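Each chain, written out:
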Amino acid sequence: MYEQKIKYCISISNKNSISKINNIIPKGSFIEYRLDTAYSLDEVKNIIINYDCIIAPKIILNSSEIKNIIELSPKYIDIDFEKFEINLLELLNYSAIYNVKTIVSYHLSEEKNGVDDIRKLVKKMFSFSPNYVKVVFNTENSLDINKVFSLYDSFPSHKLLLFGIGQELKFTRLEALRKGSPFMYVAHSAMGETAAGQFTVDEIQKV
């Protein structure tokens, strides 16, 4: 289906123990380490040392706590645009000091259901000059998928991660790659999904 091997990122919740992750996921793999529950900087440091990783805080943290993670120099940090818009430039500049690439992300609410709204949002997010912009939608947004994916023609597609979550929108993850997204988030069968509709590592390796 693809001329080149699909680049994927294994998304893993920190609900899984560090020892389990280290035992199952080969060192050097590209992973997203999601902070879905309480964590320690030592655990995060262990992941950063062993993996080419995105650290993605999903629990509520303040900007100082985000900076503490950035200081550990992960390959990438995922910064929630809605939570940190006010502090975003500060966090992006701080990331640059530690040579950490930035993914600025937004999960659309049910109210933000127009393609024009998404266009304005993506444009605003790119205006801060992060390395990547990630916008996730779901079936409640009632979007025209073809119009949504036309946005890849309006922005740097190699820096845009725009896709849907849920089984009904699983195909959008592949469509995002076709449009130029840099990689796809996938699940590992031993770790469980971090979002509905993710392909597993085994599934995507067969595509």
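Residues numbered from 1 in each chain as written. Predicted model: local features only at pLDDT ≥ 70, side-chain atom pairs only at ≥ 80, totals over all residues. Heavy atoms only, no water.

### Regarding the pairing of strand β3 (residues 52-57)
The element β3 is largely enclosed, with a buried count of five among its six residues. Strand direction decides the pairing type here: strand β2 (residues 30-35) and β3, joined by six bridges, are parallel. From the neighbouring strand, Y33 faces β3, where its bridge partner is I55. Crossover connection from β2 via helix α2 (residues 41-50) to parallel β3: handedness right-handed. Judged from the two bridges that link them, β3 and strand β4 (residues 76-80) form a sheet pairing that is parallel. Across the sheet, residue I54 finds its bridge partner in β4, namely Y76. Handedness of the crossover joining β3 and β4 through helix α3 (residues 63-70): right-handed. (Buried < 20%, exposed > 50% of the residue type's maximum accessible area, 1.4 Å probe, protein only. Helix = DSSP H or I, 4+ residues; strand = E, 2+ residues; numbered from the N terminus. Pairing = 2+ DSSP bridges. Right-handed = clockwise from strand over helix to strand, strands pointing away.)

### Comments concerning the state of the cysteines
Inspection of every chain in the model, using the stated rule, returns zero disulfides. Between C9, a cysteine without a disulfide, and C53, which holds the nearest cysteine sulfur, the sulfur-to-sulfur distance is 8.9 Å. The exposure class of C53 is buried, given its relative accessible area of 0%. (Disulfide = S-S within 2.5 Å.)

### Side note on the pairing of strand β1 (residues 8-13)
With respect to burial, β1 is a largely interior element, six of its six residues being buried. Of the pairings in the sheet, the one linking β1 to β2 comprises four bridges and is parallel in character. Note on β2: the bridge partner recorded for S11 is E32.

By themselves, these figures tell us nothing about what the structure is for.
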